[in-house]
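Descriptive structure summary
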Amino acid sequence: MSIQVEGLTKLYGHQNAVNGISFNTGQGVLGFLGPNGAGKSTTMKMLTGFLPPTTGSATVCGFDIIKQPLDVKRSIGYLPESNPLYTDMYVKEALAFIAGLHGIHEPVKRIAEVIEQTGLGPEQHKKIGQLSKGYRQRVGLAQAILHNPEVLILDEPTSGLDPNQLIGIRQLITNLGKSKTVILSTHIMQEVEAVCNHVIIINKGNIVANDSLNNLRSGNNNQSLEQIFIGLTNN
């Protein structure tokens, strides 16, 4: 398994943001779902090394998130919900900067591949600050996949995309899941149904569902994912 989590906990004072969760995931697209404040982003930040856990452990591609944080970061492509970008840079300039940080071999070739993958071709010579929100999301996704990581953690990656752009990015995520481990956090249930083969639902810091999409439906009277989600988290 690319990601193994055991008893992962995060406390903020007396608030238990993540409460001893455990799960494993490998190649494919995992939908990581939960209402606002459920602990999704906190979990993803711990897995990427941005936040230290209070207790528990996790490994990414065999690397311990506490003992081997640099190896973990090399193995992960991360698109946070806030999608921080250098808005004064041109698209290709920003990707070249990220390529330099990763020490990518043949950066010009790799940047061209990623621009093609993410549909940034028409905008590649513009400043990031001039782009629409949808294209800024594409730049964030391009930065996340540029170093060809084994694991991708995507927090609301389709935020701000129009319906036509959604189709392209969903297909890209599906294709990436054929060779990588992808954790996809989103509030859009149709998106999960379109691209995910496994679902984890977290509520108030606890995992309340962890199963394949098909098993989740069949175990809940073939309800829609939205109905299942509401039933498990509306308390």
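As the structure is a computational prediction, the values presented were derived from the model and not from experiment.

1. Description of the nonpolar core
Formed by 46 residues in total, the largest nonpolar core has its most connected members in Leu-33, Leu-154 and Ile-173. Ranked by residues supplied to this core, first place goes to helix α5 (residues 133-145) with six residues. Setting aside residues up to four positions removed in sequence, Ile-173 forms contacts with Val-29, Leu-154, Pro-157, Val-182, Leu-184 and Val-195. Counting 23 residues, the second-largest nonpolar core is a separate cluster that includes Leu-8, Val-60, Ile-76 and Tyr-78.

2. Concerning the pattern of salt bridges
Enumeration over the complete set of coordinates arrives at five salt bridges. For the salt bridge of Asp-71 with Arg-74, the shortest nitrogen-to-oxygen distance reads 3.1 Å. Of this pair, Asp-71 and Arg-74 both sit in helix α2 (residues 69-75), three residues apart, which is roughly one turn of that helix. On the basis of relative accessible area, Asp-71 is assigned to the partly exposed category, the value being 28%. Residue classification places Arg-74 among the exposed positions, given a relative accessible area of 54%. Notably, a salt bridge pairs Arg-217 with Glu-193, separated by 3.2 Å at the nearest N-O pair. Here Arg-217, found in helix α8 (residues 213-218), pairs with Glu-193, found in helix α7 (residues 189-195); they are 24 residues apart in sequence, far enough to count as distant.

3. Thoughts on the side chain of Glu-191
Along the chain, the position of Glu-191 falls in helix α7. The exposure class of Glu-191 is buried, given its relative accessible area of 1%. Separated by 3.3 Å, the side chains of Glu-191 and Thr-186 make a polar contact. Ignoring any residue separated from it by four or fewer positions in sequence, one finds Glu-191 in contact with Thr-158, Leu-166, Arg-170, Leu-184, Thr-186 and Cys-196.

Rules and cut-offs
Residues numbered from 1 in each chain as written. Predicted model: local features only at pLDDT ≥ 70, side-chain atom pairs only at ≥ 80, totals over all residues. Heavy atoms only, no water. Core = buried A, V, L, I, M, F, W, Y, C linked by side-chain atoms within 4.5 Å. Buried < 20%, exposed > 50% of the residue type's maximum accessible area, 1.4 Å probe, protein only. Helix = DSSP H or I, 4+ residues; strand = E, 2+ residues; numbered from the N terminus. Contact = heavy atoms within 4.5 Å. Salt bridge = Lys/Arg side-chain N within 4 Å of Asp/Glu carboxyl O. Polar contact = N/O pair within 3.5 Å; in protein donor to acceptor, adjacent residues only side chain to side chain.

Structural measurements only, silent on function.
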